[in-house]
Amino acid sequence: HKDIKASPASNTAAAAEALAKSGRTDAAVIAARECAELYGLDILADDISDTPSNFTRFICISRKTEIYPDANKFSLMMSLPHRPGSLADVLVRFSAPGVNLTKLESRPVVGSDFEFRFIFDFEASPRDERVVKLLSSLASDPSIEQFTFLGAYAEK
């Protein structure tokens, strides 16, 4: 809607708390019912998603890398050089071992114009030696400015 101004927040609970503390009556937040109840906010509408398959994923973060044997999905994050073909060069490397990319998302690097981080989700088994070699080659590739292994998990 052209008259609505979106304001970023670190998460929906923080947005709900900030709205409650502001005392504003000309603003709204999209958050869980529990957030509205916790912060004393009125619920204006339920089930506002325009996509029935919309869902939120939660992850557990640990300092210790652990890959579970039943994992069937991997997530990685990479920063690539801002030059023609750098993303294509990485994408083709997933094709060679037959890895199915299920998601590729770009996120702008805060404070940097025209620089992006890419998040890759793909289906694979941690037992597949070709996948282990792919991950190792990506992690050690000097042309990849930043490589972060976000995790391997079982998606039901």
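Residues numbered from 1 in each chain as written. Predicted model: local features only at pLDDT ≥ 70, side-chain atom pairs only at ≥ 80, totals over all residues. Heavy atoms only, no water.

Q: Just to check I follow, could you spell out the side chain of Ser79 for this structure?
A: Looking at the secondary structure, you find Ser79 in strand 1 (residues 73-79). Excluding residues within four positions of it along the chain, Ser79 makes contact with Phe116, Arg117, Ile144, Glu145 and Gln146. (Helix = DSSP H or I, 4+ residues; strand = E, 2+ residues; numbered from the N terminus. Contact = heavy atoms within 4.5 Å.)

Q: Is there a simple way to think about helix 1 (residues 12-22) in this case?
A: Residue pairs spaced three or four apart in an α-helix point in one direction, given the helix's 3.6 residues per turn. Restricting attention to buried positions, one finds in helix 1 the residues Ala15, Ala16 and Leu19. Angular distribution of buried residues about the axis of helix 1 spans 100°; they occupy a single face of the element. Along its buried surface, helix 1 packs onto helix 2 (33-39). Looking one or two residues beyond helix 1, the residue adopting positive phi is Gly23, at roughly 75°. (Buried < 20%, exposed > 50% of the residue type's maximum accessible area, 1.4 Å probe, protein only. Arc of directions from axis to C-beta.)

Q: Quick question: what am I supposed to make of the sheet that holds strand 1 here?
A: The pairing of strands in a sheet happens through backbone hydrogen bonds and is either parallel or antiparallel. Ordered in space as 2-3-1-4, the 4 strands form an open sheet in which the pairing is antiparallel. Taken across any chain shown, the strands that pair with only one partner, and hence form the sheet edges, are strand 2 (100-108) and strand 4 (146-153). Going across the sheet, the axis of each strand differs from the next one's by a mean of 15°, ignoring polarity. The pairing of strand 2 with strand 3 (residues 116-123) spans 8 bridges and is classified as antiparallel. Opposite Ser106, over in strand 3, you have Phe118 as the bridge partner. (Pairing = 2+ DSSP bridges. Axes fitted to C-alpha atoms, helices over the stretch in contact; angles between N-to-C directions.)

Q: Would you mind going over the packing of aromatic side chains with me for this structure?
A: Each aromatic ring pair is summarised here by two numbers: the centre-to-centre distance and the angle between the ring planes. All chains considered together, the criterion is met by 4 aromatic pairs. With a centroid separation of 6.2 Å and an interplanar angle of 65°, the aromatic rings of Phe74 and Phe149 are classed as edge-to-face. With Phe74 in strand 1 and Phe149 in strand 4, this residue pair connects regions lying 75 residues apart in the sequence. Both rings, one in Phe94 and one in Phe120, keep their centres 5.4 Å apart while their planes meet at 15°; by these two values the pair is stacked. Here Phe94, found in helix 3 (residues 86-95), pairs with Phe120, found in strand 3; they are 26 residues apart in sequence, far enough to count as distant. The two residues Phe94 and Phe120 agree in class, both being buried. Members of the aromatic cluster, joined through ring pairs, are Phe74, Phe94, Phe120, Phe122 and Phe149. (Phe/Tyr/Trp six-rings, centres within 6.5 Å; stacked < 30°, edge-to-face > 60°.)

Q: Looking at this structure, I do not really get the nonpolar core. What am I missing?
A: The nonpolar side chains of soluble globular proteins are, as a tendency, buried together. Counting residues in hydrophobic clusters, the biggest one holds 18 residues, and the most contacted among them are Leu76, Met78, Val90, Phe94, Phe122 and Leu138. For this core, the elements supplying multiple residues, two or more each, are strand 1, helix 3, strand 3 and helix 4 (129-139). Among the elements that take part in this core, helix 4 stands out by supplying 4 residues, more than any other. Those residues within four positions of Val90 in sequence are excluded, and the remaining contacts are Met78, Leu80, Phe120, Leu138 and Ile144. (Core = buried A, V, L, I, M, F, W, Y, C linked by side-chain atoms within 4.5 Å.)

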